[in-house]
Amino acid sequence: QVQLVESGGGLVQAGGSLRLSCAASGRTLSTYRMGWFRQAPGKEREFVAYIWWSGGSTYYSESVKGRFTITRDNGKSTVDLQMNSLKPEDTAVYYCAAGQSRGGRYHNDWWGQGTQVTVSS
């Protein structure tokens, strides 16, 4: 069992910045892939960014590449998402996810409760 708790959401003006944090507990994270997803009302949940705990490799959605940065803190067992140059279309509930490889691929086995990000124009 992995428990994930997001924080840092809020209201920000277009062009501004927010930093989201995901606190993880319950398992050793050394073999996990951590990620951020988001979901706007009436839309599918979409991928934002991944980070592999071991080594810290990252991967981003094209829609956020160059604006968002995902990082990990080994000592605190947290994963952050630094969001810069925010746009109204970034408005969504942001979810933290975690999982391990299984059957030759990684899975998102655990999810946080979500945190609301609203970008005003």
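Just so it is clear, the structure is predicted and the values come from calculations on it, not from any experiment.

Conventions we followed
Residues numbered from 1 in each chain as written. Predicted model: local features only at pLDDT ≥ 70, side-chain atom pairs only at ≥ 80, totals over all residues. Heavy atoms only, no water. Pairing = 2+ DSSP bridges. Helix = DSSP H or I, 4+ residues; strand = E, 2+ residues; numbered from the N terminus. Axes fitted to C-alpha atoms, helices over the stretch in contact; angles between N-to-C directions. Salt bridge = Lys/Arg side-chain N within 4 Å of Asp/Glu carboxyl O. Buried < 20%, exposed > 50% of the residue type's maximum accessible area, 1.4 Å probe, protein only. Core = buried A, V, L, I, M, F, W, Y, C linked by side-chain atoms within 4.5 Å. Contact = heavy atoms within 4.5 Å. Polar contact = N/O pair within 3.5 Å; in protein donor to acceptor, adjacent residues only side chain to side chain. Disulfide = S-S within 2.5 Å.

Caption draft 1: Spatial organisation of the sheet that holds strand S1 (residues 3-7). The strand order across the open sheet formed by four strands is S1-S3-S8-S7, and the pairing between neighbours is antiparallel. Of all strands in the sheet, those with a lone pairing partner are S1 and strand S7 (68-73), marking the two edges. Shown here is a sheet whose adjacent strand axes are inclined to one another by a mean of 15 degrees, direction ignored. Bridge count for strand S3 (residues 18-25) against strand S8 (residues 78-83) is six bridges, and the pairing is antiparallel. Each bridged residue has a counterpart across the sheet, and for Cys22 the counterpart in S8 is Val79.

Caption draft 2: Region of the structure containing the pattern of salt bridges. Per the counting criterion, the structure on display carries six salt bridges. The closest approach of N and O atoms between Arg19 and Asp80, which form a salt bridge, is 3.0 Å. Of this pair, Arg19 sits in strand S3 while Asp80 is found in strand S8, placing the two residues 61 residues apart along the sequence. Overall, Asp80 belongs to the buried group, its relative accessible area being 15%. As a salt-bridge pair, Arg38 and Glu46 come within 2.7 Å of each other at their nearest N and O atoms. Taken together, the salt bridges that share partners define one network made up of Arg38, Glu46, Arg67 and Asp90.

Caption draft 3: How the structure looks around the nonpolar core. With 31 residues, the main nonpolar core has Leu4, Met34, Trp36, Leu81, Met83 and Tyr94 as its most contacted residues. Elements that contribute at least two residues to this core include exactly S3, strand S4 (33-39), strand S5 (46-52), S7, S8, strand S9 (92-99) and strand S13 (115-120). Excluding residues within four positions of it along the chain, Leu4 makes contact with Cys22, Ala23, Ala24, Met34, Cys96, Ala97, Ala98, Trp110, Trp111, Gly112 and Gln113.

Caption draft 4: Representation of the side chain of Arg38 in the model. Mapped onto the elements of the fold, Arg38 is located in strand S4. Only 2.7 Å separates the side chain of Arg38 from the side chain of Glu46, close enough to count as a polar contact. A distance of 2.9 Å separates the side chain of Arg38 from the side chain of Asp90, its partner in a polar contact. Not counting residues up to four positions away in its chain, the partners in contact with Arg38 are Glu44, Arg45, Glu46, Val48, Ser63, Val64, Phe68, Glu89, Asp90, Ala92, Val93 and Tyr94.

Caption draft 5: Inspection of the state of the cysteines at higher detail. Summed over the entire model, instances satisfying the criterion amount to one disulfide. Each sulfur of the disulfide joining Cys22 and Cys96 lies 2.1 Å from the other. Handedness here is read from the sign of the S-S torsion; for Cys22 and Cys96, about -80 degrees, the answer is left-handed. Of this pair, Cys22 sits in strand S3 while Cys96 sits in strand S9; the two residues are 74 residues apart in sequence, bridging distant segments of the chain.

Caption draft 6: Geometry of the pairing of S4. Counting buried positions over the seven residues of S4 gives six, a clear majority of the element. Across six bridges, S4 lies against S5 in antiparallel orientation. Directly across from Phe37, in S5, lies its bridge partner Phe47. Turn length for the S4-S5 hairpin, with the two strands adjacent in sequence and antiparallel, is six residues, and the turn residue Gly42 shows positive phi of about 75 degrees. One ladder, built from seven bridges, connects S4 with S9; its direction is antiparallel. For Gln39, the partnering residue across the bridge sits in S9 and is Val93.

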